[in-house]
Amino acid sequence: MTVIVVMGVSGSGKTTIGTALAEALGVEYAEADTFHPKANIDKMTAGTPLTDEDRAPWLAAIAGWIREHQVTGGVVTSSALKRRYRDVLRSGGDVFFVHLHGDRAQLAERMKTRKGHFMPVSLLDSQLADLEPLEPDEAGIVLDNTSGTPAEITEAALTALREHA
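Q: Any chance you could break down the overall build of the protein chain for me, citing the residues and the numbers?
A: Broken down by element type, the protein chain carries seven helices and five strands. Order of helices (α) and strands (β) in the protein chain, N terminus to C terminus: β-α-β-α-α-β-α-β-α-α-β-α. Evaluated residue by residue, the protein chain yields a buried proportion of 46% over its 165 residues.

Here it is in structure tokens:
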């Protein structure tokens, strides 16, 4: 069964759309932040961008979760900024990416207003600089997170998933 990876930079709505997709599909949801080692959280909290080496164990852990959910399906979030990161995630099994894309100003505003999250707005530009769009051979869809309600965006993702299957 396909596992959905809801991807995008910080503030793009991954948690909102990911939980809605999991609920609609009746599958387990996993938040990518829970897979980070404490050292990564500490680094980001201090305003230091992660390196590829920092992300390696995190990506491997998410790929393991994907592998464990190939029979039941699931929804997991991950920034999945680079093609090579998505390649690691795909090593866990069949995935479909839902890339939430939006305006930088709106992303920054969302980051400023959310409570209890470690990611500072100062790291948004480094994420945007690293972001590599989905390529034609990658199963997935890009959705504008500024056009429509969370319910409408979720429905668009579900429609794309049905068309993919």
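Next comes the rest of the account.
Q: Tell me what's going on with the nonpolar core, and back it up with residues and numbers.
A: Counting 21 residues, the largest nonpolar core has Ile62, Ile66, Val76, Leu89 and Phe97 as its most contacted members. Elements with a contribution of two residues or more to this core: β1 (3-7), α3 (52-68), α4 (83-90) and β4 (95-101). In terms of residue count, α3 provides more of this core than any other element does, five residues in total. Leave out the neighbours within four places in its chain, and Phe97 touches Val5, Met7, Ala80, Arg86, Leu89, Arg90, Leu134, Ala139, Gly140 and Ile141. Formed by 16 residues, the second largest nonpolar core is a distinct cluster that contains Ile17, Val98, Leu158 and Leu161.

Q: Which residues make up the side chain of Asp54, and what values do they have?
A: Within the secondary structure layout, Asp54 lies in helix α3. Of note is the side chain of Asp54, whose polar atom sits 2.9 Å from the backbone nitrogen of Thr51. Beyond its immediate sequence surroundings of up to four residues, Asp54 is in contact with Asn40, Lys43 and Pro49.

Q: Tell me about the pattern of salt bridges, and please be specific about residues and values.
A: Applying the stated criterion to the full structure yields 12 salt bridges. For Arg162, the salt bridge identified is with Glu155, shortest N-O distance 2.9 Å. Classification of Glu155 as partly exposed rests on a relative accessible area of 39%. Put simply, Arg83, Arg86, Asp87, Arg90, Glu135, Asp137 and Glu138 are held in one network by salt bridges that share partners.

Q: Hey, could you go over the sheet that holds strand β3 (residues 74-77) for me, with residue numbers and the actual values?
A: Read from one edge to the other, the open sheet built from five strands follows the order β2-β3-β1-β4-β5, with strand pairing classed as parallel. Since the sheet does not close on itself, it has two edges, and those belong to β2 (28-30) and β5 (140-144), each with one partner. If you compare each strand with its neighbour and ignore which way they point, the axes differ by 20° on average. Contacting β1, β2, β3 and β4, α3 crosses the sheet at an angle of about 170° to β3. With respect to the sheet, α4 is in contact with β1 and β4, its orientation differing from that of β4 by roughly 145°.

Q: Explain the environment of Ala139 residue by residue, including any values.
A: Mapping Ala139 onto the fold places it in the loop between α6 (124-130) and β5. Relative accessible area serves as the criterion here: at 25%, Ala139 is assigned to the partly exposed category. C-alpha separation for the pair Ala139 and Val95, spaced 44 residues apart in sequence, amounts to 7.2 Å.

Q: I'd like a rundown of the pairing of β1, residues and numbers included.
A: Among the five residues that make up β1, five are buried, leaving the element largely enclosed by the rest of the structure. Of the two faces of β1, both are covered, the one formed by Val3, Val5 and Met7 as well as the one formed by Ile4 and Val6. Two elements, β1 and β3, share four bridges in a ladder whose sense is parallel. Opposite Val3, over in β3, you have Gly74 as the bridge partner. Summarising the sheet, β1 and β4 pair through five bridges and their orientation is parallel.

Q: Residue-level account of unusual backbone geometry, with values.
A: Its identity is not glycine, yet Ala80 carries a phi of approximately 45°, on the positive side. Its place among the elements puts Ala80 in the loop between β3 and α4. Classification of Ala80 by relative accessible area gives buried; the value is 0%.

Thresholds applied
Residues numbered from 1 in each chain as written. Predicted model: local features only at pLDDT ≥ 70, side-chain atom pairs only at ≥ 80, totals over all residues. Heavy atoms only, no water. Helix = DSSP H or I, 4+ residues; strand = E, 2+ residues; numbered from the N terminus. Buried < 20%, exposed > 50% of the residue type's maximum accessible area, 1.4 Å probe, protein only. Core = buried A, V, L, I, M, F, W, Y, C linked by side-chain atoms within 4.5 Å. Contact = heavy atoms within 4.5 Å. Polar contact = N/O pair within 3.5 Å; in protein donor to acceptor, adjacent residues only side chain to side chain. Salt bridge = Lys/Arg side-chain N within 4 Å of Asp/Glu carboxyl O. Pairing = 2+ DSSP bridges. Axes fitted to C-alpha atoms, helices over the stretch in contact; angles between N-to-C directions.

Honestly, it's all geometry; don't read function into it.
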